[in-house]
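Overview (structure and organization)
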Amino acid sequence: MNKVYYLSSCDTCRRILKESAAADYFELRDIKTNPISPEELDQLASAAESYGALFSRRAVKYRAMSLQNKILTEMDYRSLILSEYTFLKRPVFWWKGKVFVGSDTTNLQALRSAMR
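Thresholds, definitions, all that
- Residues numbered from 1 in each chain as written.
- Predicted model: local features only at pLDDT ≥ 70, side-chain atom pairs only at ≥ 80, totals over all residues.
- Heavy atoms only, no water.
- Helix = DSSP H or I, 4+ residues; strand = E, 2+ residues; numbered from the N terminus.
- Buried < 20%, exposed > 50% of the residue type's maximum accessible area, 1.4 Å probe, protein only.
- Contact = heavy atoms within 4.5 Å.
- Areas by Shrake-Rupley, 256 points an atom, 1.4 Å probe, with all protein chains shown as cover.
- Lys, Arg positive; Asp, Glu negative; His and termini not counted.
- Charge placed at Lys NZ, Arg CZ, Asp CG, Glu CD.
- Salt bridge = Lys/Arg side-chain N within 4 Å of Asp/Glu carboxyl O.
- Phe/Tyr/Trp six-rings, centres within 6.5 Å; stacked < 30°, edge-to-face > 60°.

If you tally the helices and strands in the chain, you get six helices and four strands. Listing the helices and strands of the chain from first to last along the sequence gives β-α-α-β-α-α-α-β-β-α. Judged by the C-alpha coordinates and their principal axes, the chain covers about 40 × 25 × 25 Å. Counting across all 116 residues of the chain, residues that qualify as buried make up 42%. The long-range fraction of contacts in the chain, counting pairs at least 24 apart against all pairs at least 6 apart in sequence, stands at 59%. About 6700 Å² of surface is accessible on the chain, with carbon and sulfur atoms providing 49% of the total. In the chain, which carries 18 positive and 13 negative side-chain charges, the distance between the mean positions of the two groups comes to 5 Å.

Okay, structure coming up:
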């Protein structure tokens, strides 16, 4: 099943979901009300080739916890994402076994190309 992990209170996520007509192609998953499971995160990290690729350094808690001053391991990224939904970079699209992470233009273009 194709899924998109997003945050419903995020304007950027809402805009991207609308532009991509995600409701027509994906199971929508609001990570705040329905957190990502360890198994799902492991599957996404495998496809993305690391937990670090799924980790958001823009999260307010990243600075609040002074994580920018620490050297984080892959297991640190994993445990932080599982403990706090805001650490998952968003949106995360799972499309036919491939993962597209974040809101940057090149990522969204790659998703559109894959969906054709």
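This part covers the pattern of salt bridges. Between side chains of opposite charge, pairing is possible as soon as their charged atoms come close. A complete count under the given rule lists six salt bridges for this structure. Note that Arg15 and Glu19 form a salt bridge whose closest N and O atoms lie 3.4 Å from each other. With a gap of four residues between them, Arg15 and Glu19 both fall in helix H1 (residues 11–20), about one helical turn apart. Among the residues examined, Glu19 registers a relative accessible area of 49% and is labelled partly exposed. Here Glu84 and Lys61 are joined by a salt bridge, their closest N and O atoms 3.1 Å apart. Of this pair, Glu84 sits in the loop between helix H5 (74–83) and strand E3 (92–95) while Lys61 sits in helix H4 (residues 60–64), and the two are 23 residues apart along the sequence. On the basis of relative accessibility, which here comes to 16%, the residue Glu84 falls in the buried class. Here Lys61 falls in the partly exposed class, since its relative accessible area comes to 38%.

The next subject is unusual backbone geometry. The omega torsion of the bond from Arg90 to Pro91 falls at -10 degrees, within 30 degrees of zero and hence cis. Structurally, Pro91 can be placed in the loop between H5 and E3. Phi is positive for Glu49, close to 75 degrees, though the residue is something other than glycine. Mapped onto the elements of the fold, Glu49 is located in the loop between helix H3 (38–48) and H4. Even without glycine at this site, Ser66 takes up a positive phi of about 55 degrees. On the secondary structure map, Ser66 appears in the loop between H4 and H5.

Tallied over the entire structure, the rule returns six aromatic pairs. Summarising the aromatic geometry, the rings of Phe55 and Phe87 are spaced 5.1 Å apart at their centres and angled 15 degrees between planes, so their arrangement reads as stacked. One end of the pair, Phe55, is in the loop between H3 and H4; the other, Phe87, is in the loop between H5 and E3, with 32 residues separating them in the sequence. For Phe87, a relative accessible area of 1% translates into the label buried. Put simply, the rings of Tyr25, Phe26, Phe93 and Trp95 touch in pairs and so form one group of aromatic residues.

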